[in-house]
Structure formats: structure tokens, C-alpha cells
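Okay, here's what each chain looks like letter by letter:
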Amino acid sequence: MGVTTEFNPADYRRLLIRECQIEGRVVSARYSLIGSNGADDVEFAETFDFGGIDSTVAFDPRLLRLLALTAGVSYYKASAPETVSIDFPITESEAAYVAAVIRGGLGEFAFENQLPDALTPMLDYRLGGDVEIAAAESAWTLDAEPLVAVGGGKDSVVSIEALKAAGRTPTLFSVNRYQPIEDCIAVSGLSSVHVLRKIDRTLIELNGAGAYNGHIPVTAINSVIALIAADVAGLGSVVMSNEQSADIENLSWHGFEINHQWSKSREYENLLRSMLADYGMDPARYFSLLRGLPESDIADLFRGCTAYFDVFVSCNRSFALDESRRRSRWCGECPKCLFVFVLLAPRIGRDRLCAIFAQNVLDNDQNTELFLELAGLTAHKPFECVGDYSEVAEAFVDLMDDSEWSDDAVVRRMADDRTRLMASAANRVPVAESENIPAPYAGVLGALVSR
Ligand SMILES: CC(=O)N[C@H]1[C@@H](OP(=O)(O)OP(=O)(O)OC[C@H]2O[C@@H](n3ccc(=O)[nH]c3=O)[C@H](O)[C@@H]2O)O[C@H](CO)[C@@H](O)[C@@H]1O[C@H](C)C(=O)N[C@@H](C)C(=O)N[C@@H](CCC(=O)O)C(=O)O
Ligand SMILES: Nc1ncnc2c1ncn2[C@@H]1O[C@H](COP(=O)(O)OP(=O)(O)OP(=O)(O)O)[C@@H](O)[C@H]1O
């Protein structure tokens, strides 16, 4: 199928996930939407270029299978077909993994498109992947220095600085290259590796021609890419910076918990770790250092990372695939910008924060509605990477009592709801245990606190 002007999802009722192809250091994950009613099949190839990693180590076939199974969500969502067929033999655990990634990771997509059945397609597969699993064991060791995923925002900065404070020398990692990520890496002074991921252009064309579109669990895809990168680079654990607040769902719908951040959640972390265990690999290959921390506690740690203040960007609009649509700094209007601003306001002071954002979003009445949502006073939590209502409430209660901020338009409006906000703040999520952090990393966050 070439450039298309019309795409009817009803004509594509089966997605075929094919085996990855390898050419040099470029891996292609291949998918087909099978046409019916006279429609031609649509073929896709998504590429992952590992050429930036100085290694000739062969790709692990188990991780490549996991990559093909995970990245398929982007193509599945184009028509949300009844059936997903897998063209190579897999294990029962891999089949359960695919079902869970679709059910958990496409919740927001299904809700926005009102497609509840999209969360439970039929899986058509044949068993047999175990043979390959038994064959391969690798030289992976927990003692090797870790690979730290960098997203350009405050969370990965906290992990980087904590690991440095604990005397580790991690290699930093990103999928594709974005200015805030490059800048954070430069400030860290550490070395880095990058994998270039290209989603198939046909998918973008289909979006304009009638395909279903919406959010996909991008952190799941980045995580599997990171596991492959660490494996071929001879590194240890993949360290993520997924926080406790990522476990909090946005809403319930048709019996499903809908969570924008599902692939950052403990549920996905445990799912991926159990896949590694099923592959005969050490689950300690993957964990999040910040798993037990709510966003507010991460912000407490980030306030000391002053060297990054002028370069970090958490706003998702800086990470669009299409460079012409990319914002270079904070947009100052999306939920994530507003959330990060209010969280940092009581912690790093007005002048510094307004300089970072090039504006004061708390003195702009147009932001009031969104702040009310973020504080849980209206609607549901926005579909963005934002923390719990109680954390926003706590920050506003602090700001109301702080003469530096109390006169700002949004803070004044919030003062009308002071009693409700105080009640919400009193229920702030406490720091939790994070049982997945391997023993050698147990004291790492403490090293940053006492620095
Ligand atoms: C940058 C961003 O926020 N993108 C979301 C946005 O897409 P948009 O069209 O504005 O820009 P692109 O990201 O460039 O995507 C172009 C189209 O390609 C599709 N697509 C993209 C990546 C992919 O892996 N598969 C794809 O099919 C995409 O659907 C577009 O049609 O809106 C989209 C629709 O809601 C979102 O899907 C885009 O989200 C990206 C996948 C993305 O990278 N988002 C992260 C910034 C993000 O949301 N991270 C979460 C982490 C949660 C998780 O579970 O992973 C967070 O910060 O909470
Ligand atoms: N392009 C990317 N390449 C590799 N890892 C990424 C990329 N984008 C995000 N991540 C990782 O995914 C996880 C979730 O990203 P998230 O955006 O929440 O974190 P962040 O950018 O570090 O901080 P913030 O929450 O302030 O944006 C983090 O571990 C982050 O490092």
C-alpha cells in the first residue's frame, strides 16, 4: 500500500506480528494489518538502529522477540482489530505479556476512542518459544555499571545524581536524540549511548486517512530497547526513574483501570521482570530507582540538582517525533508544565523558577481550570505524567502561606478551597518500599540525601 487517502479501520481485523529482521546493527520489527472487503494488506517496518553502540555482540533472540511483541501496539491501535496473530512460536508467558500490554497500555486510547473491545483482542499463536530460551544463557552480571535511561526531565536527573553520589559510573541512554536529554547528559559529565528508533511513516499517513490514534505505552517500548542496549554494551541493570505516583490510575471505565502512565507503573515493571525470569535472565536487569517515591519526594531531591536547572525539560511537547512540531523549552500550558511548576514553586523560589519556565504560570488565570483538575477539585486527573491530587494540594497550601506566591491569580483562587485542599494534602501518599531494587543499589538514594 502506498500513500493512502482513506483508511477504514473496519477493513483491517487482524494484525500480524512478524519476526524481527537484522541488517548489520539495525533491527526491523515488522507488522501487517490484514485487509478484508477488498482492502490490500498494509505492511509496516519499525527500525531500531543500535549502530551508535560500539559493540559486535549478537542481539539476544529472546529480547528481540519481546521488542517485536511490545512495539506492535502502535500498529495495532490503527484499526484495533479483533485478532492479533503472532507469526513465530512463542511461550504462554509471552502471550500473556502481549495481552497485558494491550489491556494496560492502551487504556487511554480505548477510552478516548470509545473502543472497550480494543483492550481484549483474541491472540492467535502457536507455542514453541521455549526451545530457544533454554539454549541461550549470557554473561550478564549485576556487578557491571548500570545503563540509566534519560528522559530530559527531573526524575532521571535525580537517579543520575544519586548514582554518582553513591560512587557509581553509569552509562546514560536515550531512545532518539532530543536537546533536553543531550543537555542533561552533558551536565552529568557521564558517557552515553543512543538508539535511533523510527516508526513507520505509513502509520503517520494512516493517521491522517482515518486510522484510530491515541496514546501508546511508550515507556514499555523504551524499556525493552534499553534492555537490548545494555545487553549488547555489556552493561548491568537498566535503571529507570519511574515514580510511585505512576501507579495511580486516571479513571475506571467498563471495568478497566485507565492509567496514562501504565508502562511506568509497578505492574508493568513486575510484568517485564517476570518475562526476564521466564527467559532465564536475572530480573535485576530492570528496575526503577524511584519506584517508592511520590513526585513530591523526587522534587525534594531535585531541588539540590541546581546544575540542571537551566537545561532540564519535563514538558512532553519537547519530545514530538516530528522535529518541526517540537517545542524547545517548557510550553507553560500543558498539565505536565503546570504540575512541575507548582511542585517546584515551594522548593526552589520564585525568581529561579520563573526564569526556568520563562513565565509565571501561577499568575495566569487561564491556567486555573487545569490546576483545579490537577488538584482533584474537578473532572479526572489529566492524561499526562502528573502526580497525585494530594501532592498538588499540599503545594498550593504551602504557597497560600508564602508571601512570595500568595498574591498570584491561581493561588488566590485556590485559597477559596483551602479546607478541601488541606484535607487532601493530609492524605499524601507516603514513601513506599521498592522490593525490586537489588541489594547493591539499596543505599543509592540515601547517598543523594546526605550529599
Ligand atoms: C510527544 C508526545 O507527547 N506525544 C504524544 C502525542 O503525539 P503527537 O502526535 O503530539 O506527537 P508524536 O509523539 O510525535 O507522535 C506522532 C504520532 O505517532 C504516534 N506514535 C508515536 C510514538 C509511538 O511509539 N507510537 C506511535 O504510534 C502517535 O500516536 C502520533 O499519532 O499524542 C499521542 C496521542 O495521544 C501520544 O501517543 C504521543 O505520546 C508519545 C507516544 C510519547 O512519546 N509520549 C510520551 C511523552 C509520554 O506520554 N510519556 C508518558 C509515559 C507513560 C507511558 O506509559 O509510557 C508520560 O510522560 O506520562
Ligand atoms: N527518549 C527516551 N529515551 C530513554 N528513556 C526515556 C526517554 N524518555 C523517557 N525516558 C525514561 O522513561 C522514564 C519515564 O520518563 P519521564 O518523562 O517520566 O521521566 P523524566 O523525563 O526523567 O522526568 P519528568 O517526569 O520530569 O519528565 C524515565 O526513566 C525516563 O528516563
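This structure is a prediction, so every number in the text was calculated from the model and none was measured. Chains are numbered independently. Their residues run from 1 in the order of the written sequence. Ligands are numbered from 1 and chains lettered from A, in the order in which they are written. The predicted origin of the model limits local features to residues at a pLDDT of at least 70 and limits the giving and counting of side-chain atom pairs to 80 or more, whereas totals for whole chains, interfaces and linings rest on all residues. Hydrogens are left out, water is left out, and the side-chain values use all remaining heavy atoms of the structure.

Focus: the packing of helix α3 (residues 92-105) against helix α10 (residues 266-278)
At step 1: Where α3 meets α10, the axes come as close as 10 Å, and the angle between the chain directions of the two elements is 165 degrees. The angle between the axes of α3 and α10 places the two elements in the roughly antiparallel class. As for the relative orientation of α3 and α10, their crossing is left-handed in sense. Where α3 abuts α10, its residues Ser93, Glu94, Tyr97, Ala100 and Val101 lie against Tyr268, Leu271, Met275 and Asp278.
At step 2: Note that Gly is not counted as nonpolar here; it falls among the polar residues with everything else outside the nonpolar set of Ala, Val, Leu, Ile, Met, Phe, Trp, Tyr, Cys and Pro and the charged set of Asp, Glu, Lys and Arg. Along the lines of polarity and charge, the residues of the contact of α3 with α10 split into six nonpolar, one polar and two charged. The axes are straight lines fitted to the C-alpha atoms, using for helices just the contacting stretch, and the angles between their N-to-C directions are given from 0 to 180°. A run of H or I in DSSP counts as a helix once it spans at least four residues, and a run of E counts as a strand once it spans at least two, with each numbered from the N terminus. Note on angle classes: values under 35 degrees are labelled roughly parallel, values over 145 roughly antiparallel, values of 65 to 115 roughly perpendicular, and the remainder oblique. Working rule for handedness: look at the near helix, and if it is turned counterclockwise from the far one by less than a right angle, call the crossing left-handed; if clockwise, right-handed. Residue contacts are counted whenever heavy atoms from the two residues lie within 4.5 Å of one another.

Regarding the nonpolar core
At step 1: Counting residues in hydrophobic clusters, the biggest one holds 85 residues, and the most contacted among them are Phe50, Phe173 and Tyr268.
At step 2: Those residues within four positions of Phe50 in sequence are excluded, and the remaining contacts are Arg25, Val27, Phe59, Val195, Ile225, Ile228 and Ala229.
At step 3: Buried Ala, Val, Leu, Ile, Met, Phe, Trp, Tyr and Cys residues form a nonpolar core when they are joined through side-chain atoms within 4.5 Å. Each residue's exposure class comes from its accessible area (1.4 Å probe, protein chains only) as a fraction of the maximum for that residue type: buried when under 20%, exposed when over 50%, partly exposed otherwise. In this structure, Val158, Ile160, Ala299 and Cys334 belong to the second largest nonpolar core, which totals 73 residues.

So, the site of ligand 2
At step 1: In the vicinity of ligand 2 lie 20 residues, with Ala149, Ser156, Lys264, Ser314 and Lys336 positioned nearest.
At step 2: Polar contacts, as used here, are pairs of N or O atoms within 3.5 Å; protein pairs need one atom able to donate a hydrogen and one able to accept it. Residues neighboring in sequence count only if both atoms are side-chain atoms. Here an oxygen atom of ligand 2 and a backbone polar atom of Lys154 are 3.0 Å apart.
At step 3: In the environment of ligand 2, an oxygen atom lies 3.1 Å from a nitrogen or oxygen atom belonging to the side chain of Asp155.
At step 4: All accessible-area figures derive from a Shrake-Rupley calculation using a 1.4 Å probe, and residue coverage is judged against the displayed protein chains alone. For ligand 2, whose accessible area on its own is 590 Å², the fraction buried by protein is 91%.
At step 5: The set of elements that each furnish at least two residues to the shell around ligand 2 consists of α6 (154-165) and β8 (171-175).
At step 6: Residues of the shell around ligand 2, tallied by class, amount to seven nonpolar, nine polar and four charged.
At step 7: When residues of the shell around ligand 2 are sorted by domain, at least three fall in each of domain 1 (9-131 + 142-288) and domain 2 (295-316 + 329-426). Near is defined per residue: the residue qualifies when any heavy atom it owns lies within 4 Å of the molecule or strand. An automatic or database domain assignment provides the domain bounds reported here.

Things to note about unusual backbone geometry
At step 1: Of note, the phi angle at Asn37 is positive, near 55 degrees, even though the residue is not glycine.
At step 2: Examined against the element boundaries, Asn37 turns out to sit in the loop between β3 (26-35) and β4 (42-49).

A short note on the pattern of salt bridges
At step 1: By definition, a salt bridge exists where a carboxyl oxygen of Asp or Glu is found within 4 Å of a side-chain nitrogen of Lys or Arg. Enumeration over the complete set of coordinates arrives at 26 salt bridges.
At step 2: Residue Glu43 pairs with Arg18 through a salt bridge whose shortest N-O separation is 3.9 Å. Taken together, the positions of Glu43 in strand β4 and Arg18 in the loop between β1 (12-17) and β2 (21-23) put the pair 25 residues apart, joining distant regions of the chain.
At step 3: Among the residues examined, Arg18 registers a relative accessible area of 22% and is labelled partly exposed.
At step 4: The closest approach of N and O atoms between Lys154 and Glu295, which form a salt bridge, is 2.9 Å. One end of the pair, Lys154, is in helix α6; the other, Glu295, is in helix α11 (residues 295-302), and 141 residues separate them in sequence. The two residues Lys154 and Glu295 agree in class, both being buried.
At step 5: The network of salt bridges with common partners includes Arg413, Asp416, Asp417 and Arg420.

Focus on the domain arrangement of the protein chain
At step 1: Once the domains are mapped, the protein chain shows domain 1 (9-131 + 142-288) and domain 2 (295-316 + 329-426).
At step 2: Each of domain 1 and domain 2 has a C-alpha centre, and the two are 30 Å apart.
At step 3: Counting from both sides, the interface comprises 27 residues of domain 1 and, opposite them, 22 residues of domain 2.
At step 4: Using a 1.4 Å probe, buried area is obtained as the accessible area two parts lose upon being combined, added over both of them. Among the residues of domain 1 in contact with domain 2, Lys154, Val158 and Asn250 are the three that bury the most area, contributing 29% of the side total.
At step 5: Linking domain 1 with domain 2 are one salt bridge, by the criterion used here.
At step 6: Applying the counting criterion to the domain 1 and domain 2 interface returns five residue pairs in polar contact (both at pLDDT 80 or more).
At step 7: Broken down by secondary-structure element, the contributors of at least two residues to the side of domain 1 that touches domain 2 are α4 (107-113), α6 and α7 (179-188).
At step 8: Looking at the side of domain 1 that touches domain 2, the element that brings in the most residues is α6, giving seven residues.
At step 9: Taken together, the residues of the side of domain 1 that touches domain 2 break down into 10 nonpolar, eight polar and nine charged.

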